[in-house]
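Architecture and fold: a report
Residues per chain are reported as follows:
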Amino acid sequence: MPHFSKILWGDGLDVTEEGNGVIRVDGSGGATGETGPPGAAGPAGPAGPPGVDAPTYVFSQPTPAASWTITHSLGQYPSVSVVDTGGSVVLPDVHYDSADALTVTFDSPTSGKAYLN
């Protein structure tokens, strides 16, 4: 067996004879391979704290009108969902008059319900 103490073996590969026939090979460089596919998703995290029950107000407009003025007294600016008497969701313009009142305006007279929360 040839005797050597250290050989630089290209691309950052070091080969070192440690004695008694033991050879150590260290790689500290070289080309980087491609990134592999993503791993499996981890476990779900713990459940979050319970939410706050938001107050809800339902406004009924039995006769068609082009605008509805709704006094809800929720003390906030609620989200507004409108469903006409045929059960279709309608997207009116919503104007918040105050934290306790709003006006919804339609392109044509509409009857139905407004759900606020």
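Remember, it's a predicted structure, so these values are computed and weren't measured experimentally.

1. Here we look at the overall build of the chain
Within the chain one finds zero helices and eight strands. Along the chain, helices (α) and strands (β) appear in the sequence β-β-β-β-β-β-β-β when read from the amino end. Put simply, the chain has 117 residues, and 21% of those count as buried. For the chain, contacts bridging at least 24 residues in sequence account for 53% of all contacts bridging at least 6.

2. A closer look at a nonpolar patch on the surface
A surface patch of nonpolar side chains, about 290 Å² in accessible area, is lined by Tyr 77, Val 94 and Tyr 96. Here Tyr 77 lies in the loop between strand S4 (57–71) and strand S5 (80–84).

3. Considerations on the packing of aromatic side chains
Each aromatic ring pair is characterised by the separation of its centres together with the angle its planes make. Counting across every chain of the model gives three aromatic pairs. An angle of 55° between the planes, with centres 4.8 Å apart, marks the rings of Trp 68 and Phe 106 as tilted. Taken together, the positions of Trp 68 in strand S4 and Phe 106 in strand S8 (residues 101–116) put the pair 38 residues apart, joining distant regions of the chain. Summarising the burial analysis for this pair, Trp 68 and Phe 106 share the class buried. Centroid distance Tyr 77 to Tyr 96: 5.6 Å. Interplanar angle 80°. Geometry classified as edge-to-face. In this pair, Tyr 77 sits in the loop between S4 and S5 while Tyr 96 sits in strand S7 (residues 93–98), placing the two residues 19 residues apart along the sequence.

4. A look at the nonpolar core
Core analysis: the largest hydrophobic core is formed by twelve residues, namely Phe 59, Ala 65, Trp 68, Ile 70, Leu 74, Val 82, Val 90, Leu 102, Val 104, Phe 106, Ala 114 and Leu 116. Of all the elements, S8 adds the most residues to this core, at five residues.

5. Describing unusual backbone geometry
In this model, Ser 73 sits at a positive phi of 55°, which is unusual for a non-glycine residue. Secondary-structure assignment places Ser 73 in the loop between S4 and S5.

6. Points about the environment of Phe 59
Mapped onto the secondary structure, Phe 59 falls in strand S4. Residue class for Phe 59 comes out buried when judged on its relative accessible area of 14%. Residues Phe 59 and Thr 69, spaced ten residues apart in sequence, show a C-alpha to C-alpha distance of 9.7 Å. Excluding residues within four positions of it along the chain, Phe 59 makes contact with Trp 68, Thr 69, Ile 70, Gly 112, Lys 113 and Ala 114.

7. Here we look at the pairing of S7
Pairing of S7 with S8, which is carried by five bridges, proceeds in the antiparallel orientation. When the bridges of S8 are listed, Tyr 96 appears paired with Leu 102. The hairpin turn running from S7 into S8, its antiparallel successor, is two residues long.

Rules used in this analysis
Residues numbered from 1 in each chain as written. Predicted model: local features only at pLDDT ≥ 70, side-chain atom pairs only at ≥ 80, totals over all residues. Heavy atoms only, no water. Helix = DSSP H or I, 4+ residues; strand = E, 2+ residues; numbered from the N terminus. Buried < 20%, exposed > 50% of the residue type's maximum accessible area, 1.4 Å probe, protein only. Contact = heavy atoms within 4.5 Å. Patch = residues over 30% accessible without salt bridge, like charges linked within 9 Å, V, L, I, M, F, W, Y side chains within 5 Å. Areas by Shrake-Rupley, 256 points an atom, 1.4 Å probe, with all protein chains shown as cover. Salt bridge = Lys/Arg side-chain N within 4 Å of Asp/Glu carboxyl O. Phe/Tyr/Trp six-rings, centres within 6.5 Å; stacked < 30°, edge-to-face > 60°. Core = buried A, V, L, I, M, F, W, Y, C linked by side-chain atoms within 4.5 Å. Pairing = 2+ DSSP bridges.

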